[in-house]
Amino acid sequence: MKVLVVLIFVVFTGCNGDLHHADQPKSKLSMFRDMFWDLVKIYAHATDETIKQFMETDTGQSLNVHLKEEAKVVEQYVNIAWDHLPQKTKDIISHAIIGAIRIARSVDRFMSSSKRRADPEVDNSLWPIAEAAEMKLMEGAEQVRDMASPHAEMLREKLEPVVQDIQEQIYSLAVLLQHPLSQPPSE
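Residues numbered from 1 in each chain as written. Predicted model: local features only at pLDDT ≥ 70, side-chain atom pairs only at ≥ 80, totals over all residues. Heavy atoms only, no water.

## Considering the overall build of the chain
Argument step 1. Per the secondary structure count, the chain includes six helices and zero strands.
Argument step 2. Reading the helices (α) and strands (β) of the chain from amino to carboxyl end gives α-α-α-α-α-α.
Argument step 3. Within the chain, the fraction of its 187 residues that count as buried is 7%.
Argument step 4. By sequence separation, contacts in the chain at least 24 residues apart represent 55% of the contacts at least 6 residues apart.
Argument step 5. Entry remark: accessible area of the chain is about 16000 Å², with carbon and sulfur atoms responsible for 66%. (Helix = DSSP H or I, 4+ residues; strand = E, 2+ residues; numbered from the N terminus. Buried < 20%, exposed > 50% of the residue type's maximum accessible area, 1.4 Å probe, protein only. Contact = heavy atoms within 4.5 Å. Areas by Shrake-Rupley, 256 points an atom, 1.4 Å probe, with all protein chains shown as cover.)

## Observations concerning the packing of aromatic side chains
Argument step 1. Taken as a whole, this structure holds one aromatic pair when the rule is applied.
Argument step 2. Judged by centre distance (5.2 Å) and plane angle (70 degrees), the rings of Phe36 and Trp37 are edge-to-face.
Argument step 3. Classification of Phe36 by relative accessible area gives partly exposed; the value is 48%. (Phe/Tyr/Trp six-rings, centres within 6.5 Å; stacked < 30°, edge-to-face > 60°.)

## A word on the environment of Met55
Argument step 1. If you trace the backbone, Met55 turns up in helix H2 (residues 28–56).
Argument step 2. Contact partners of Met55, with chain neighbours within four places excluded, come to Gly60, Gln61 and Asn64.

## Observations regarding a nonpolar patch on the surface
Argument step 1. Where nonpolar side chains cluster on the molecular surface, the patch consists of Ile51, Phe54, Met55, Leu63 and Leu67 and spans about 420 Å² of accessible area.
Argument step 2. Looking at the nonpolar patch, the elements that each hand over two or more residues are H2 and helix H3 (58–83).
Argument step 3. Checked against the element boundaries, Phe54 lands in helix H2. (Patch = residues over 30% accessible without salt bridge, like charges linked within 9 Å, V, L, I, M, F, W, Y side chains within 5 Å. Salt bridge = Lys/Arg side-chain N within 4 Å of Asp/Glu carboxyl O.)

## Notes on the side chain of Lys90
Argument step 1. Among the secondary structure elements, Lys90 is positioned in helix H4 (residues 87–118).
Argument step 2. For Lys90, which is buried and forms no salt bridge, the nearest opposite charge comes from Asp83, at a distance of 5.4 Å. (Lys, Arg positive; Asp, Glu negative; His and termini not counted.)

## Notes on the environment of Glu131
Argument step 1. Structurally, Glu131 is set in helix H6 (residues 127–182).
Argument step 2. On the basis of relative accessible area, Glu131 is assigned to the partly exposed category, the value being 33%.
Argument step 3. C-alpha of Glu131 to C-alpha of Ser112: the two residues are 19 residues apart in sequence and 9.6 Å apart in space.

## Comments concerning the packing of H2 against H3
How two helices pack is summed up by the angle between their axes together with the distance between the axes.
Argument step 1. Orientation of H2 relative to H3, taken along the N-to-C sense of each, is 85 degrees, at an axis distance of 4 Å. Viewed along their axes, H2 and H3 adopt a mutual orientation that is roughly perpendicular. Mapping the contact onto sequence places Phe54, Met55 and Glu56 in H2 and Asp58, Thr59, Gly60, Gln61, Leu63 and Asn64 in H3. (Axes fitted to C-alpha atoms, helices over the stretch in contact; angles between N-to-C directions. Parallel < 35°, antiparallel > 145°, perpendicular 65-115°, else oblique.)

## Regarding H2
Argument step 1. Taking 1.5 Å per residue as the helical rise, H2 with its 29 residues ought to reach 42 Å, and the 42 Å between its terminal C-alpha atoms agrees with that figure.
Argument step 2. Ser30, Arg33, Asp38 and Ile42 are the residues of H2 that are buried. (Expected span 1.5 Å × (residues − 1).)

## Quick look at the environment of Asp108
Argument step 1. When you line up the elements, Asp108 lands in helix H4.
Argument step 2. In this structure the C-alpha to C-alpha distance between Asp108 and Glu134, which are 26 residues apart in sequence, comes to 9.7 Å.

In short, geometric facts, not functional conclusions.
Here it is, written out as structure tokens:
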């Protein structure tokens, strides 16, 4: 395995397959960047293989079951905490999350357009990878949004009676507090 890694490393670093710039030597920065991304790919592949092998063992499977159980417990705690939040707080949280997503998208659009204009070499070598990663992230965000929307609606339906009950109790307490204050002091 080590020999294969060294052989691949030597082949990729010693070979210049770009015909447009074949007569121009690569800058040290470009060489180091290429070496870095090659190493990242190699280590990512090795890590994926290691995780896959670990998950096939009994320990990995029991860890996976334990993590799923813990995720269910955390989800229950989150649901309980969400149930006890006032509606205005929930609305603020929802608006903040939506605003953050919008800001992130606009910053991402701005950064991608400015980076492409600033460095055409990066555009040729790294942008396909970055765009693929961005697409995966956007798909994941859409999946999370699709999975969360039924839960959010269900939580909203569960919380409506509780919120109305709390509002009625607060209103009745406010009425009780106003009556003693509106009466003139007895001497």
